Structure formats: structure tokens, C-alpha cells
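Structural overview for review
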Amino acid sequence: GNTLLPDKLWRLVLRPSVVEAPYVNSLLQMLSVRRALGTLSSGTSDSMRNISQAKLLELVLPIASIEDQRRFVGKRDAVESILRQQSASLHKATATFDSLLAQAFDPAAPL
């Protein structure tokens, strides 16, 4: 999701007229971008990898037009809303099923 566990904190200052923050967030979650970041990072072990500001600035990201970014963000938000609804529905269905099972196998329940 939106959580990383870095030992360095980066503050990206984005110009809203050029780039949408949710678009950049989605870009940074892409496997190809994460791999590119991995190749730019250095360190002696996988758990202690770091990336310098200079190396980070070498990263080239595909930045769509602001209109395309806004369309992407709108569609992404719609998909995330559907995922939240589906998750809530699954939770409710699971709770209902568990309740039915409990009733069905309760020895004190009438048949």
C-alpha cells in the first residue's frame, strides 16, 4: 500500500500543475520502478540497502500529461472503491457463514 519502512525519509515536493501525487504513488509501487530503485541502491545486505539523493534523481519516471494523470487517478480511485466494497461484502458473507455454521453445529439448537 502506502507504507514503506525506510531508515531515511524522503519528502517529495510535487507541483500540482505538473504531477498528481496519487499518480506518483502508483508509479513508485510498480514492480519495474521498484526494481529500478533497487539497482540504484547500494549496501552490503538486502535488508540494509540505501539510495542517495543523487541516485534517486537519476531515476527516470514515465510522466503522462496532467489530463491523463487525472483520468488515471479517477479510474484508480474507482477501482479502489470497488475493492473496498468487495472486501466489506466478503467480510459480511464470511461472518454470516460462520454464524450459520455455529447454529448448525450447536448441540442445543433445535433441528
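Residues numbered from 1 in each chain as written. Predicted model: local features only at pLDDT ≥ 70, side-chain atom pairs only at ≥ 80, totals over all residues. Heavy atoms only, no water.

Bringing helix α1 (residues 21-29) into the picture now. For α1, every residue scored as buried is listed here: Tyr23, Val24, Ser26 and Leu27. Seen end-on, α1 carries its buried residues on one side only, within an arc spanning 160 degrees. Buried positions along α1 lie against α2 (31-40) and α4 (66-104). (Buried < 20%, exposed > 50% of the residue type's maximum accessible area, 1.4 Å probe, protein only. Helix = DSSP H or I, 4+ residues; strand = E, 2+ residues; numbered from the N terminus. Arc of directions from axis to C-beta. Contact = heavy atoms within 4.5 Å.)

A few words now on the side chain of serine 26. When you line up the elements, serine 26 lands in helix α1. Owing to a relative accessible area of 16%, serine 26 belongs among the buried residues under this scheme.

What follows concerns the confidence of the model for the protein. With 86% of its residues at a pLDDT of 70 or more, the protein shows a mean pLDDT of 86. Across the protein, α4 holds the top mean pLDDT of 95, while helix α3 (residues 53-56) sits lowest at 85. (pLDDT = per-residue confidence, 0-100.)

Two elements in contact, α1 and α4, have axes separated by 9 Å at closest approach and are oriented at 75 degrees. Put simply, α1 runs roughly perpendicular to α4. Residues Pro22, Tyr23, Asn25 and Ser26 of α1 lie in contact with α4, whose contacting residues are Gln69, Phe72, Val73 and Arg76. Each residue belonging to the contact of α1 with α4 can be placed in one class, and the counts come to four nonpolar, three polar and one charged. (Axes fitted to C-alpha atoms, helices over the stretch in contact; angles between N-to-C directions. Parallel < 35°, antiparallel > 145°, perpendicular 65-115°, else oblique. Nonpolar A, V, L, I, M, F, W, Y, C, P; charged D, E, K, R; others polar.)

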